[in-house]
2 protein chains.
Amino acid sequence: MTQVHCTRAQTAVLQVLQQQREPISAQALYTLIKQQQRIGLATVYRALDALKRMGQVQHRVTLTGETLYNAVEQDRHYMTCLDCGQSFPLNTCPLKGLELSLKHSSSFTIYYHTLEFFGLCEPCSVQGG
Amino acid sequence: MTQVHCTRAQTAVLQVLQQQREPISAQALYTLIKQQQRIGLATVYRALDALKRMGQVQHRVTLTGETLYNAVEQDRHYMTCLDCGQSFPLNTCPLKGLELSLKHSSSFTIYYHTLEFFGLCEPCSVQGG
DNA sequence: CCTAGAAATGATAATCATTATCATGACGGG
DNA sequence: CCCGTCATGATAATGATTATCATTTCTAGG
Ligand SMILES: [Mn+2]
Ligand SMILES: [Mn+2]
Ligand SMILES: [Zn+2]
Ligand SMILES: [Zn+2]
């Protein structure tokens, strides 16, 4: 059975995530939460996983293999340079409409999506390319 | 300076990738290539990285943290279940048009994109959800 | 064709984010 | 208040990826 209310850890994780402007890593989250309450790193990971399955939190993976998390309300996407690794945010989500129509047409329950463009930023494409 | 032609490893990696129907991991690629020529795992990773920077190969990261690679021509996307981890392919890429227009409007050189929906597949949403 | 410097390679060790384990603590119904 | 269940924290283990470094392969001259 799905749990009825959030655990202490889940509450803390979600609250901190909702305060962030940008997606952050589990480790960073751990550091932030620890300033306010006793918590273990494993618990942060467990809470993130649970919140993902509840459709409250989404994730993306950086080029360095770090997973970043954010609240689903924050529907942000990036163009990421394969050379220097920098990420440049898009102004808007190009999938607003599509996701809605998919939610109806499919038997799959969609919670969130990831969309990211990869290539070379201007400086990097000028020099190395 | 950008190298002019592909190295032996890059050629092998790209050739094998183009034969695949689905994205595969670096380790799997390593196993496949080793059947035909002497190669090291590190070299496979190096070739994949180089091919990515050339816009020939793209990547995505599974829920288990494995990175999968495929030739860019193969523009495939998935809906992935956060519970059982299964991935269900989409019929078409919903971004065909958008990517083209972005390629012109932006100073960022786009090589490829990733798009993935996450949620619960029907079986999983019935039981656990 | 031969040679020296540069680039690529393979074997191996090291890294490090994430997971698994397990003993302990909190919780909720009876 | 008591017991079974779930949550938690500390710590060890995992495993994909990366760094290292000695060796081999290329390449551009000569
Ligand atoms: Mn979006
Ligand atoms: Mn696509
Ligand atoms: Zn760049
Ligand atoms: Zn499922």
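Refer to the preceding data block for the structure.
Rules used throughout
- Within any chain, residue numbers begin from 1 and follow the written order of that chain's sequence.
- Working convention: letters from A go to chains and numbers from 1 go to ligands, in the order in which they are written.
- Totals for whole chains, interfaces and linings use every residue, but because this is a predicted model, local features are given only for residues with pLDDT of at least 70 and side-chain atom pairs only at 80 or more, for both listing and counting.
- With hydrogens and water stripped out, all remaining heavy atoms of the structure feed into the side-chain values.
- Salt bridge, as used here: a side-chain nitrogen of Lys or Arg that lies within 4 Å of a carboxyl oxygen of Asp or Glu.
- Labels follow the DSSP assignment, with helices taken as runs of H or I lasting at least four residues and strands as runs of E lasting at least two, numbered in each case from the N terminus.
- Only protein chains enter the accessibility calculation, which uses a 1.4 Å probe; a residue is then buried when its area is under 20% of its type maximum, exposed when over 50%, and partly exposed in between.
- When DSSP finds two or more bridges between two strands, those strands count as paired.
- Should any heavy atoms of two residues lie within 4.5 Å, those residues are counted as being in contact.
- Angles run from 0 to 180 degrees between N-to-C directions of axes, and those axes are lines fitted to C-alpha atoms, restricted for helices to the stretch in contact.
- Each cavity reported here is a set of points on a 1 Å grid over the protein atoms alone in which a 1.4 Å probe fits but cannot get out, each pocket an open set with protein on both sides within 12 Å along at least five of seven lines, and each lining residue one with an atom within 4 Å of a point.
- Grid points are joined across faces, edges and corners, and a volume is the space filled by probe spheres set on the points.
- Think of it as three bins: nonpolar holds Ala, Val, Leu, Ile, Met, Phe, Trp, Tyr, Cys and Pro, charged holds Asp, Glu, Lys and Arg, and polar takes everything else, Gly as well.
- Any N or O atom pair separated by 3.5 Å or less is treated as a polar contact, with the protein-specific requirement of one donor-capable and one acceptor-capable atom, and with residues adjacent in sequence counted only for side-chain atom pairs.
- Throughout, nonpolar core names a set of buried Ala, Val, Leu, Ile, Met, Phe, Trp, Tyr and Cys residues whose side chains join them through atoms within 4.5 Å.

**Considering the pattern of salt bridges**
Here is step 1: Counted by the stated rule, this structure contains 12 salt bridges over all chains.
Here is step 2: A salt bridge links A:Asp83 to B:Arg53; the nearest nitrogen and oxygen atoms lie 2.5 Å apart. Of this pair, A:Asp83 sits in the loop between strand 4 (78-81) and strand 5 (87-89) while B:Arg53 sits in helix 3 (residues 41-53), on two different chains.
Here is step 3: We classify A:Asp83 as partly exposed; its relative accessible area is 36%.
Here is step 4: Via salt bridges that share partners, A:Asp49, A:Arg53 and B:Asp83 belong to a single interconnected network.

**Quick word on the sheet that holds strand 1 (residues 24-25) of chain A**
Residue and element names in this part refer to chain A.
Here is step 1: Across the sheet, which stays open at both edges, the three strands sit in the order 1-3-2 with antiparallel pairing between neighbours. For this open sheet the edge positions go to strand 1 and strand 2 (57-61), each flanked by a neighbour on one side alone.
Here is step 2: Where strand 1 and strand 3 (residues 67-71) come together, two bridges link them in antiparallel fashion. Counterpart to serine 25 in the pairing with strand 3 is leucine 68.
Here is step 3: Here helix 1 (residues 8-19) sits on the sheet and contacts strand 1, strand 2 and strand 3; the angle it forms with strand 3, its principal contact strand, is near 85 degrees.

**Thoughts on the environment of B:Thr109**
Here is step 1: Residue position: B:Thr109 is located in strand 6 (residues 109-120).
Here is step 2: Taking the relative accessible area as the measure of exposure, B:Thr109 reaches 30% and is therefore partly exposed.
Here is step 3: On a C-alpha basis, the gap between B:Thr109 and B:Gly55 in space is 9.8 Å, while along the polypeptide they are 54 residues apart.
Here is step 4: Ignoring sequence-local partners within four residues, the contact set of B:Thr109 consists of A:Phe118, A:Gly119, A:Leu120 and A:Ser125.

**As for empty space enclosed by the protein**
Here is step 1: Applying the stated criterion across every chain yields a total of three cavities of 30 Å³ or more.
Here is step 2: For the largest cavity, the full set of lining residues is A:His59, A:Arg60, A:Val61, A:Thr114, A:Glu116, A:Phe118, B:His59, B:Arg60, B:Val61, B:Thr114, B:Glu116 and B:Phe118.
Here is step 3: Contributing elements (two or more residues each) for the lining of the largest cavity: strand 2 and strand 6 (109-120) of chain A together with strand 2 (57-61) and strand 6 of chain B.
Here is step 4: Among the residues forming the lining of the largest cavity, the class breakdown is four nonpolar, four polar and four charged.

**Things to note about the side chain of A:Thr62**
Here is step 1: With respect to the helices, strands and loops of the structure, A:Thr62 is situated in the loop between strand 2 and strand 3.
Here is step 2: A polar contact is formed between the side chain of A:Thr62 and the side chain of A:Thr64, at a distance of 2.9 Å.

**Re the nonpolar core**
Here is step 1: Among the nonpolar cores identified, the biggest contains 34 residues, and A:Phe117 and B:Phe117 are the most heavily contacted of them.
Here is step 2: Where this core is concerned, the elements lending two or more residues are strand 4 and strand 6 of chain A together with strand 4 (78-81) and strand 6 of chain B.
Here is step 3: Residues within four places of B:Phe117 in sequence aside, it is in contact with A:Leu98, A:Glu99, A:Leu102, A:Ile110, A:Tyr112, A:His113, B:Tyr78, B:Met79, B:Thr80 and B:Leu90.

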